[in-house]
Amino acid sequence: MISQFIRNLLAVLAFLLCMAPAHADVHDPFDPFDVPDQSQDEEVLDKDKSPEELLLEATVLLQDERLLDARTKILKALDKDPKSIEAHSLMAGYYLVHVGHYRLALKYIKRALDIFTEKNGSPPYKEYRYQAQHSHLLYLLSQIRLNLDDYEGSLKVLDEFTGWGYTAPWYSGTRAWVLMKLGNLDEAIRVARLGILVGDEAGRSLNMLGILLSMKGDRQGALKVFRDAIAEELSLGKLGQPATPLNNSGEVYKETFQEDKAESSWIRATSMPDGCEHVLPSLNLALLYIEEMNLNGARGAMDNFESCIAQYPLRNGEEHRALVDLIRGRVALHTGHLDEAIDRLGKALEYRQWFGKIGTDKEDLEAAALVSLSQALGAKANALGSTLPRSIAERLYLLKQRVQLSIKSWWMMRRARQVLIEKLNDLEDLYVRNTDSLLEYPTLGAVLSALPATLLEKRISAAENKEERPDSILYYQTFLAENYLQNGQTASGLGLLNDVTNKTRPKYDTLLRLHALLIASQNVSASSDEYIALVDQAFTLSRPSIRNYGLRLPVNFVAGDDEIIDALGKGPFQLDNRRDLQYSIDYERSPVDVSLHFFSSTPGVIDIKVRAADLIEAVNKLSEEVYSVDLK
């Protein structure tokens, strides 16, 4: 009995040695970029210690969260004993948990398994300590392959795990997640339910079941399961991870257009100790704020996430960097900072991004970033179109830039359309607010406008027939309207857009309303009262949007200086003194400079003054000030 207890205790210690992560200043043999940097005093102290002593010291350091020092000890142990199974598995855990460098983690765990087989032969193993160590090595391998988006490989390892008769509390939740990533929802639900029945990790299994029920359309059932998962995780205190089910609850609330509850769930998730272990709560909060045109809130969500994740300085950013740039790029686009938007969105497409821990996949990110980048490139082309050149050479240069940007914008949108049709199951994301999608649904009509109208009508009709969410109908109407306008059915398109703008909800549908107003403005006469009314409403919601969409704001002007009036008319403003308008431009010229004053007839609404050495600089400067916003 005592001997069995000791054996069990040794097995637990072996588990801890295998699972513990690490970090250090000693050379990492598998990392070609690692440079050894070790103090001589520490070398002397550790010189005569055995590998086992170093690993035990490392476990203490890990418990104290002194990760760099722990990694140093582990690498020293590895240097003394290159065939230490524990040291290799610790390094695998370090790269998996604390750095997110899954390729290096895979190298270490493969080496640990090879050494384990060399020392102990092939499975099955009779002794419990070998079974325990082998099962944990397989666990690490399955997690690493999952994080590398190798779902088939992860499932194969899990099959091997059970094939040798191993069991563990984490198994059901992990297998259900892998099956979900492979699209086998029914089997995943069966596994998750079984895990709950047999008493596997309740929080993990409940959370997985909630996700799966939501994907199958049982949203009320999903929310109930998530509530149980949240309670379970909170009961674990510091060991719990309540941010995950809180985030997933928020996704269900957003999908059902309960934005207030979604926001509350995500704010609560980000406030939890595990709130920035993954980017999703902050990402979802930012996406919600962008739809509300609360751009300060969207930027703040990303700022808070990056401030939080900074407490883990070893993370290499591959789990979140592309997603953060997607959000920051969209915020820059909507605030009129177009060069930053193009740069950020381009990086979102270029960065390596792993999706094993989240429901989104590579194609979701690719489609979303391509659409937004296309919009940013088009907006930049429009901005150059209203920029005054100083010479014929500069005029030709601006024209060349506009043509190049327009072609690139068209190409990016074409690529996005291909991804949505070919890789995303024939426009599966047409279902508004698909939980795992990163698309900006209020402006998605830009992608769909080039499709044949009859094809889009069929797809939207099929989507609407399955809809149980009345608030989604306005989105489908906007998609159709933009398509009709592109295909010459102007009256039908404008009629739908008018219906949309009259029915959008305050706050929550702000971006949808804005987009509908702008698309309608592009398709009515610029000299009409209707145009003025549409553009004025859009300008009130978002000043940068007018220039982004290639429109000009109607303004009154003070007559007198024909040269200034001519320059303003060639810029991004539509001069009109035939009627009283909401906005006006005044000016003043001195021997040394030109001053321009843009203001509203409603006191305090907007008041922008610029001064420059010459007229062209003044007009371009005024354009930039009026059509961009610096967030506070």
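You can see threonine 504 is positioned in the loop between helix 24 (490-503) and helix 25 (510-521). At 3.5 Å, the side chain of threonine 504 forms a polar contact with the backbone oxygen of threonine 501. Once residues lying within four places of it in the same chain are set aside, the contact partners of threonine 504 are Leu474, Asp509, Leu512 and Arg513.

Right, let's talk about helix 17 (residues 321-334) for a bit. Under the 1.5 Å per step criterion, the end-to-end length of helix 17 is 20 Å for 14 residues, consistent within 8% with the ideal 20 Å. Just beyond helix 17, the residue with positive phi is glycine 336, at close to 85 degrees.

Glancing now at the packing of helix 9 (residues 171-181) against helix 10 (residues 185-198). At their nearest, the axes of helix 9 and helix 10 sit 8 Å apart, and the two run at 170 degrees to each other. One finds that helix 9 runs roughly antiparallel with respect to helix 10. Contacts from Ser172, Arg175, Ala176, Leu179 and Met180 of helix 9 reach helix 10 at Leu185, Glu187, Ala188, Val191, Ala192 and Gly195.

A separate point is the state of the cysteines. Counted under the stated rule, the structure contains one disulfide. Linked covalently through their sulfurs, cysteine 276 and cysteine 308 form a disulfide whose S-S length is 2.0 Å. Classification of the bridge connecting cysteine 276 and cysteine 308 rests on its S-S torsion, roughly -65 degrees, and on that basis the disulfide is left-handed. Residue cysteine 276 is found in the loop between helix 14 (259-270) and helix 15 (280-291), and its partner cysteine 308 is found in helix 16 (residues 295-309); the two are separated by 32 residues along the sequence. A relative accessible area of 3% means that cysteine 276 is categorised as buried.

Here the focus is the pairing of strand 3 (residues 583-589). Bridging between strand 1 (residues 553-557) and strand 3 involves two bridges; their strand directions are parallel. Bridged to phenylalanine 557 within strand 3 is isoleucine 585. Across seven bridges, strand 3 lies against strand 4 (residues 594-600) in antiparallel orientation. Considered in strand 4, the bridge of isoleucine 585 is made with phenylalanine 598. Counting the residues between successive antiparallel strands, the hairpin from strand 3 to strand 4 contains four residues.

Here the focus is the environment of proline 169. Relative to the helices and strands, proline 169 resides in the loop between helix 8 (151-163) and helix 9. We classify proline 169 as partly exposed; its relative accessible area is 46%. Proline 169 sits 29 residues away from valine 198 along the chain, and the two C-alpha atoms are 9.1 Å apart. Residue contacts for proline 169: discarding those within four places in its chain leaves Asp200 and Glu201.

Cut-offs used in this document
Sequence order as written defines residue numbering, which begins from 1 separately in each chain. For a predicted model such as this one, the threshold for reporting local features is a pLDDT of at least 70, and the threshold for listing and counting side-chain atom pairs is 80 or more; totals across whole chains, interfaces and linings nevertheless cover every residue. For side-chain calculations, the full set of non-hydrogen atoms in the structure is used, while hydrogens and water are omitted. A helix here means a DSSP run of H or I that spans at least four residues, while a strand means a run of E at least two residues long, and both kinds are numbered starting from the N terminus. Contacts described as polar in this section are N or O atom pairs within 3.5 Å, which, within protein, must combine one atom able to donate a hydrogen with one able to accept it, while residues neighboring in sequence count only if both atoms come from side chains. Between two residues, a contact is recorded if the distance between any of their heavy atoms is within 4.5 Å. Multiply 1.5 Å by the residue count of a helix minus one, and that product is the helix's expected span. For helices, the fitted line uses only the C-alpha atoms of the stretch in contact; every axis is such a line through C-alpha atoms, and the angle between N-to-C directions lies from 0 to 180 degrees. In these notes the angle categories are as follows: under 35 degrees is roughly parallel, over 145 is roughly antiparallel, 65 to 115 is roughly perpendicular, and the rest is oblique. When two cysteine sulfur atoms are found within 2.5 Å, that pair is recorded as a disulfide. Only protein chains enter the accessibility calculation, which uses a 1.4 Å probe; a residue whose area is less than 20% of its type maximum is buried, one above 50% is exposed, and one in between is partly exposed. Note on pairing: DSSP must find at least two bridges between two strands before they are called paired.

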